[in-house]
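# Close look at the chain arrangement
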Amino acid sequence: MNSNYKRVSRHRTCLICGKPDWCSYTPGGKISFCARIINNADRVSRTGWGVFYHEKSLFEETYLPFPSKPPPRKAELAPIEMRDFAYRKLIELAPATNSKEIIDGPKGLRSRKILNFDEYGSLPKKSSERHDLAKIIRASINREFPDYVRKFKFNISGIPGFWIDAIGKARIWTEKDYFYPLLLIPYQNAEGLIQACQIRFMCRRLANTGVRYVWLSTPNKNGGLSCGSPLHFTSYDAFANGKPILITEGALKAATAAQFLSKEYNVMANAGISCSHNEIINAAQSARTILIAFDTDYYENRYVARSLARLINLIFTEANIGLQNSVEILTWNSRIKGIDDALLQDATFTHQTPLEWFKSLSNGCQKEVSQMRPNWLVDSEFRNSKI
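The following paragraphs examine the structure supplied in this document. For clarity, every value in this text was computed on a predicted model and none was experimentally measured.

### So, the packing of aromatic side chains
Note on aromatic pairs: each is described by the distance of the centres and the angle between the planes. In total, this model carries 9 aromatic pairs according to the counting rule given. Between W332 and F349, the ring centres sit 5.7 Å apart and the planes meet at 65°, which makes this aromatic pair edge-to-face. Taken together, the residues span a long stretch of sequence, with W332 in the loop between β16 (326–331) and α8 (339–344) and F349 in the loop between α8 and β17 (350–352) at a distance of 17 residues. Pairwise contacts between aromatic rings join Y178, Y180 and F201 into one cluster. The aromatic ring of Y25 is capped on one face by R12, whose charged end is 3.6 Å from the ring centroid. Over the ring of W163 we find K221, and its NZ or CZ is 4.6 Å from the ring centre.

### Remarks on the nonpolar core
Formed by 35 residues in total, the largest nonpolar core has its most connected members in I292, Y298, I312, W357 and L361. When residues of this core are traced back to their parent elements, those giving at least two are β13 (245–249), α6 (277–284), β15 (289–293), α7 (302–318), β16, α9 (354–360), α10 (363–372) and α11 (375–378). It is α7 that provides the largest number of residues to this core, a total of 9 residues. With sequence-adjacent residues up to four places away left out, W357 is seen in contact with Y298, A305, L308, A309, I312, I329, Q352 and W376.

### Here's the deal with the sheet that holds strand β10 (residues 194–201)
The strand order across the open sheet built from 4 strands is β6-β9-β10-β11, with neighbouring strands paired in antiparallel fashion. The open sheet is flanked by β6 (121–123) and β11 (213–215), the only strands paired with a single partner. Put simply, the sheet's adjacent strands are angled 40° from each other on average, direction ignored. When β6 meets strand β9 (residues 182–188), the two strands line up antiparallel, connected through 3 bridges.

### What to know about the side chain of S276
Following the sequence through the fold, S276 ends up in the loop between β14 (266–270) and α6. Among the residues examined, S276 registers a relative accessible area of 8% and is labelled buried. Ignoring any residue separated from it by four or fewer positions in sequence, one finds S276 in contact with S229, P230, L231 and N270.

### Things to note about the pairing of β16
Burial analysis of β16 places 5 of its 6 residues in the buried class, which makes it a mostly covered element. Where β15 and β16 come together, 4 bridges link them in parallel fashion. Its bridge partner being in β16, T289 is matched across the sheet by S326.

### With respect to the sheet that holds strand β5 (residues 50–53)
Strand order in the open sheet made by the 5 strands is β1-β2-β3-β5-β4, with antiparallel pairing throughout. Because the sheet does not close on itself, it has two edges, and the strands there are β1 (6–7) and β4 (43–44). Bridging between β1 and strand β2 (residues 24–25) involves 2 bridges; their strand directions are antiparallel. Residue pairing in the sheet places K6 in a bridge with Y25 of β2.

### Thoughts on the packing of helix α1 (residues 80–93) against helix α3 (residues 127–144)
Orientation of α1 relative to α3, taken along the N-to-C sense of each, is 140°, at an axis distance of 10 Å. For the element pair α1 / α3, the angle class is oblique. Considering the relative orientation of α1 and α3, their crossing is right-handed. On α3, the residues touching M82, F85, A86, K89, L90 and L93 of α1 are L133, I136, I137, S140, I141 and E144.

### Some remarks on the pattern of salt bridges
Evaluation of the coordinates by the stated rule reveals 10 salt bridges. A salt bridge links D165 to R171; the nearest nitrogen and oxygen atoms lie 2.9 Å apart. The two residues D165 and R171 agree in class, both being buried. A salt bridge links R302 to E368; the nearest nitrogen and oxygen atoms lie 2.9 Å apart. Note that R302 is positioned in helix α7 and E368 in helix α10, a separation of 66 residues in sequence.

### Looking at α1
Helix length check: α1, at 14 residues, gives a terminal C-alpha distance of 20 Å against a target of 20 Å (1.5 Å per residue), a fit within 8%. Buried within α1 are the following residues: I80, M82, R83, D84, A86, Y87, L90 and I91.

### Quick look at the pairing of β14
Counting buried residues along β14, 5 of its 5 residues qualify, which places the element largely inside the surrounding structure. Pairing of strand β12 (residues 232–235) with β14, which is carried by 3 bridges, proceeds in the antiparallel orientation. Looking at the pairing, F233 lines up with M268 of β14. Regarding the hand of the β-α-β motif, the stretch spanning β13, helix α5 (residues 251–261) and β14 is right-handed.

Calculation rules
- Residues numbered from 1 in each chain as written.
- Predicted model: local features only at pLDDT ≥ 70, side-chain atom pairs only at ≥ 80, totals over all residues.
- Heavy atoms only, no water.
- Phe/Tyr/Trp six-rings, centres within 6.5 Å; stacked < 30°, edge-to-face > 60°.
- Helix = DSSP H or I, 4+ residues; strand = E, 2+ residues; numbered from the N terminus.
- Lys NZ or Arg CZ within 6 Å of the ring centre and 35° of its normal.
- Core = buried A, V, L, I, M, F, W, Y, C linked by side-chain atoms within 4.5 Å.
- Buried < 20%, exposed > 50% of the residue type's maximum accessible area, 1.4 Å probe, protein only.
- Contact = heavy atoms within 4.5 Å.
- Pairing = 2+ DSSP bridges.
- Axes fitted to C-alpha atoms, helices over the stretch in contact; angles between N-to-C directions.
- Parallel < 35°, antiparallel > 145°, perpendicular 65-115°, else oblique.
- Left-handed = near helix turned anticlockwise from the far one by under 90°.
- Salt bridge = Lys/Arg side-chain N within 4 Å of Asp/Glu carboxyl O.
- Expected span 1.5 Å × (residues − 1).
- Right-handed = clockwise from strand over helix to strand, strands pointing away.

The following block contains the structure:
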């Protein structure tokens, strides 16, 4: 790039789109060249860059030429069959049984009554070991999907969590080393194909700003992609028309729930209460009963209560759910957070209608939900029904 320009970075992101890559700016920061946004730009280059002058006096000056390199083409998401192959190969090469903490730790699989250990992975703690696996998986993809490989030079970058370094080598996850095990959790679609994976950090304590779960996803790496937030089908029988659906938060909670309830319900999981609502709506089309079993923090957390109320409303308004159908909230002792612990502790469960659930909330949460004016709350005919 011309020395009159600087690339954005994590330390100095683009002032227009806020991203740490592709875009550029002049050394004094008076002009931004945004590769993503052209709306309201002061100028647009021939190659589609949005040019933004932060000092309007620059309009009368002679401007520098545009950065010579257009933004790199983003990787395309690989077909689900290829993602499934890569993730299963990764789990085969780095099984959960490699880690005693993952299997037998206080929050390990065995404590959750999850005994199908071969379906989970233990992502290596060292980046060098992860990169060695990436090389093996890339070679396996070359043999298994030759037509796709011929079409896309860096084929593995179409699989979230994989990326290509500066010299063209395949990589997995980050370049950081960890001191604790990394549980790899597959998220399957309705056909049982792995569409993405999640990582659970198996450290006993998190830092104050730490998170326990992250996606195996590297959208900011070269050729990397985001996996989104897919809906996980834990126990699903596509041929059992009308079989009730139970939806909970997180694939591990759903796996425990399936050990107890899979004969009664198709068990599914999203990654959080505000995630995958459209996918849940699509899944709800074929069910007569939708049982929502999210964590109990909705009793006091008004934002969580609002998200659940919104999901209930979407099911009724967009999933063709009629009066012959039932939407229920599965509740238990509010001191127990998740359905997995509630089942393991043999807690008492109650099926509540949306209106009953609303009345059980704290005053602050009731006020938050009421401000939304959801159909199921304001419709007097619905409130008097037995749904």
